[in-house]
Amino acid sequence: MELLIIGVGGIGGAVSRYAIGKYLSQKSALSFPLATFLINVTGAFFLGLLASNMAADPAGILIEKYGFQVGFLGAYTTFSTFTYESIRLMEDGEWLHFFLYTSGSTIAGLLACALGISVTLW
């Protein structure tokens, strides 16, 4: 049942990301990637909102956790999960892990992307 709920939520997240990204990219003449920026920030907001709501009232766990958090927001953006996990590390006082996770993810992600680009150029 969880996989079905995740899949349905994932379809919604993927379609939303595509539609919002396409719309904003057509409307913006900036070289700044506004669509991706706004998608990532709104995804982080909604994950924070849903996670906080679930902590206060865990009754709706299947739909909220699997449908929206894992499915929809997982397809919409993984940045939301990254930011939420970073906040949790800070709240838990895990400052070394917070620093390693945030800086390591950013640096490793940039390097991995550059490597992927360079592999296609060989």
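The numbers attached to residues start from 1 for each chain and follow its sequence in the written order. Local features in this predicted model are restricted to residues of pLDDT 70 or higher, and side-chain atom pairs are both shown and tallied only at a pLDDT of 80 or more, whereas totals for entire chains, interfaces and linings draw on every residue. Excluded from the side-chain calculations are hydrogens and water; all other atoms, namely the structure's heavy atoms, are used.

Enquirer: Just give me the short version of the packing of helix α4 (residues 79-91) against helix α5 (residues 95-121), but keep the residues and values in it.
Expert: As a packed pair, α4 and α5 sit with axes 8 Å apart at the nearest point and diverge in direction by 160°. The angle between α4 and α5 places the two elements in the roughly antiparallel class. Pair α4 / α5 crosses with left-handed handedness. Here F82, E85, S86, L89 and M90 of α4 come into contact with α5, specifically with W95, H97, F98, Y101, T102 and S105. Every axis corresponds to a line fitted to the C-alpha atoms, with the helix fit spanning only the stretch in contact, and the corresponding angles, defined between N-to-C directions, vary from 0 to 180 degrees. By definition, any uninterrupted DSSP run of H or I lasting at least four residues is a helix, any uninterrupted run of E lasting at least two residues is a strand, and each is numbered from the N terminus. Each angle receives one of four descriptions, namely roughly parallel if under 35 degrees, roughly antiparallel if over 145, roughly perpendicular if within 65 to 115, and oblique otherwise. By definition, turning the near helix anticlockwise from the far helix through less than a right angle yields a left-handed crossing, and turning it clockwise yields a right-handed one. The criterion used for residue contact is that any of the two residues' heavy atoms lie within 4.5 Å.

Enquirer: How would you explain the UniProt feature "binding site: Na(+)" (unreviewed entry) in the protein if you had to name every residue and give the values?
Expert: UniProt positions are given in the numbering used here, feature names are shortened, and annotations may be inferred rather than shown by experiment. Per the UniProt entry, the sites bearing "binding site: Na(+)" (unreviewed entry) are G74 and T77 in this numbering. Here G74 shows up in helix α3 (residues 61-76). The buried label applies to any residue whose accessible area, calculated with a 1.4 Å probe on protein chains only, is under 20% of its type's maximum; exposed applies above 50%, and partly exposed to all values in between. Assessed through its relative accessible area of 33%, G74 is described here as partly exposed. Take T77: it is sitting in the loop between α3 and α4. Judged by relative accessible area, which is 2%, T77 ranks as buried. Those residues in contact with T77 that sit more than four places away from it in its chain are R17, I39, N40 and G43.

Enquirer: Give me the environment of L4: which residues, what numbers.
Expert: Note on placement: L4 falls in helix α1 (residues 2-27). Note: C-alpha distance between L4 and S118 (114 residues apart in sequence) is 37 Å.

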